[in-house]
Every structure is written in C-alpha cells, then in structure tokens.
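# Tertiary structure, described
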Amino acid sequence: VPYEENLDKVISIMMKIADSLQEDTIFKSKILGSMDTPGIDSIKDYGITIRSRIKTKPGVQSDIQKEYYKRLLQHFKRARIKLASSQKEIHIFSK
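Report on the accompanying structure. Keep in mind the model is a prediction, meaning the values are calculated, not measured. (Residues numbered from 1 in each chain as written. Predicted model: local features only at pLDDT ≥ 70, side-chain atom pairs only at ≥ 80, totals over all residues. Heavy atoms only, no water.)

## Topic: the packing of aromatic side chains
Counted only if it meets this: Each pair of aromatic rings taken from Phe, Tyr and Trp, with Trp reduced to its six-membered ring, is defined by centres within 6.5 Å and is described as stacked if the planes are under 30 degrees apart, edge-to-face if over 60, and tilted in the remaining cases. Exposure is judged per residue with a 1.4 Å probe applied to protein chains only, and the accessible area is read against the type maximum: over 50% gives exposed, under 20% gives buried, and values in between give partly exposed.
Following the criterion strictly, the structure yields 1 aromatic pair and no others. A centroid spacing of 6.2 Å and a plane angle of 55 degrees characterise the contact between Tyr68 and Tyr69, whose relative ring orientation is tilted. The exposure class assigned to Tyr68 is buried, which follows from its relative accessible area of 6%. The exposure class assigned to Tyr69 is partly exposed, which follows from its relative accessible area of 44%.

## A look at the nonpolar core
To keep things clear, this is the line we draw: Residues enter a nonpolar core if they are buried and are Ala, Val, Leu, Ile, Met, Phe, Trp, Tyr or Cys, with the set joined through side-chain atoms within 4.5 Å. Numbering of helices and strands starts at the N terminus; helices are DSSP runs of H or I of at least 4 residues and strands are runs of E of at least 2. Throughout, a contact is declared for two residues whenever any of their heavy atoms are within 4.5 Å.
The biggest cluster of nonpolar side chains holds 18 residues, and the ones touching the most others in it are Ile54 and Tyr68. The set of elements that each furnish at least two residues to this core consists of helix 1 (7–23), strand 2 (48–53) and helix 2 (61–79). No other element matches helix 1, which puts 6 residues into this core. Ile54 has contacts with Ala18, Leu21, Ile31, Met35, Ile64 and Tyr68, leaving out every residue within four places of it along the chain.

## A short note on the side chain of Asp24
Rules: We define a polar contact as two N or O atoms separated by no more than 3.5 Å, with the added condition that, inside protein, one atom must be a possible hydrogen donor and the other a possible acceptor, whereas residues neighbouring each other in sequence contribute only through side-chain atom pairs.
Position of Asp24 among the secondary structure elements: in the loop between helix 1 and strand 1 (36–43). For Asp24, a relative accessible area of 18% translates into the label buried. Of the polar contacts made by the side chain of Asp24, one reaches the backbone nitrogen of Ile26; its length is 2.8 Å.

## Section: the packing of helix 1 against helix 2
Stated precisely, the cut-off is as follows: Angles shown run from 0 to 180 degrees and are taken between the N-to-C directions of axes, each axis being a line fitted to C-alpha atoms and, for helices, limited to the stretch in contact. Geometric relationships in this document are graded by angle, where less than 35 degrees denotes roughly parallel, more than 145 denotes roughly antiparallel, 65 to 115 denotes roughly perpendicular, and other angles denote oblique. In this scheme the handedness of a crossing depends on how the near helix is turned from the far one: anticlockwise by less than a right angle means left-handed, clockwise means right-handed. Classification used: nonpolar for Ala, Val, Leu, Ile, Met, Phe, Trp, Tyr, Cys and Pro, charged for Asp, Glu, Lys and Arg, polar for all others including Gly.
Running from N to C, helix 1 and helix 2 point in directions that differ by 135 degrees, and their axes come no closer than 10 Å. Between helix 1 and helix 2, the angle is such that the two are oblique. Once helix 1 is placed against helix 2, the crossing between them reads as right-handed. Residues Lys9, Val10, Ile13, Met14, Ile17, Ala18, Ser20 and Leu21 of helix 1 touch helix 2, and the partners they reach there are Ile64, Glu67, Tyr68, Arg71, Leu72, His75, Phe76 and Ala79. Of the residues in the contact of helix 1 with helix 2, the class split is 11 nonpolar, 2 polar and 3 charged.

## Notes on the layout of surface pockets
This is how it is decided: Put plainly, a pocket is an open set of points on a 1 Å grid over the protein atoms alone with protein on both sides within 12 Å along at least five of seven lines, a cavity is a set where a 1.4 Å probe fits but cannot get out, and a lining residue has an atom within 4 Å of a point. Grid points are joined across faces, edges and corners, and a volume is the space filled by probe spheres set on the points.
Quantified by volume, the largest pocket comes out at close to 540 Å³. Every residue lining the largest pocket is counted, 21 residues in all, and those nearest its centre are Ile50, Ser52, Tyr68, Tyr69 and Leu72. Mapped onto the lining of the largest pocket, the elements with two or more residues apiece are helix 1, strand 2 and helix 2.

## Some points on the pattern of salt bridges
Pairing of side chains with opposite charge becomes possible as their charged atoms draw close. Spelled out, the test is: Salt bridge, as used here: a side-chain nitrogen of Lys or Arg that lies within 4 Å of a carboxyl oxygen of Asp or Glu.
Following the criterion strictly, the structure yields 5 salt bridges and no others. A salt bridge links Asp36 to Arg53, with the shortest nitrogen-to-oxygen separation between them at 2.7 Å. On the criterion of sequence distance, the pair formed by Asp36 in strand 1 and Arg53 in strand 2 is long-range, its members being 17 residues apart. Its salt-bridge partner being Glu67, residue Arg71 comes within 2.8 Å of it at the nearest N-O pair. Of the two residues, Arg71 and Glu67 both sit in helix 2, 4 residues apart, roughly one turn of that helix. Owing to a relative accessible area of 13%, Arg71 belongs among the buried residues under this scheme. Via salt bridges that share partners, Asp24, Glu67, Lys70 and Arg71 belong to a single interconnected network.

So this is what it looks like as structure tokens:
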C-alpha cells in the first residue's frame, strides 16, 4: 500500500476478511486456523508491503488465496484504499 494509507485500517480489513473466510461455509473446512497477525514485510520506494498468512489444508491454498484477494480488493475499493504502484520517471535531454 502507499505510504499515506492508514496501516491500522489496512490490517483491520485484512483480519476481517480472514475471519469472514473462516465463517464461510465453502471455505471454513479448508482453513486450519486464524490468520497470522499481519505486519510490515518491507518498505520500498513505491510503498509498504504487509504480509499475512492463512494456514490451509494441502492442495487448497490457491483457492483460499484467490478468494482472499478478491475480497481484499472489494474492501479496499469500498474503503478507498489505494494499492501501491511503482512509477518511473524518464528524462530525455536533447542538445
């Protein structure tokens, strides 16, 4: 996420989504526990990476990940939280 985003708000949304997956009848039997508390993984020139982990049964990780990301993007859009993007400036000089 960009530096200007409220990290507490972002983490709160991430936790709510993980909780909602655990309560979902389709996914709850595939999840082995609560999401590990997310935290800052890295700080780059374009934003902050927040890492989280949900333990799942073998072979269903991608199903859980896809649904988590889908819900995350929906919640971010509603909360007007932007995703970080890398930008590069190119300067062209002529003689």
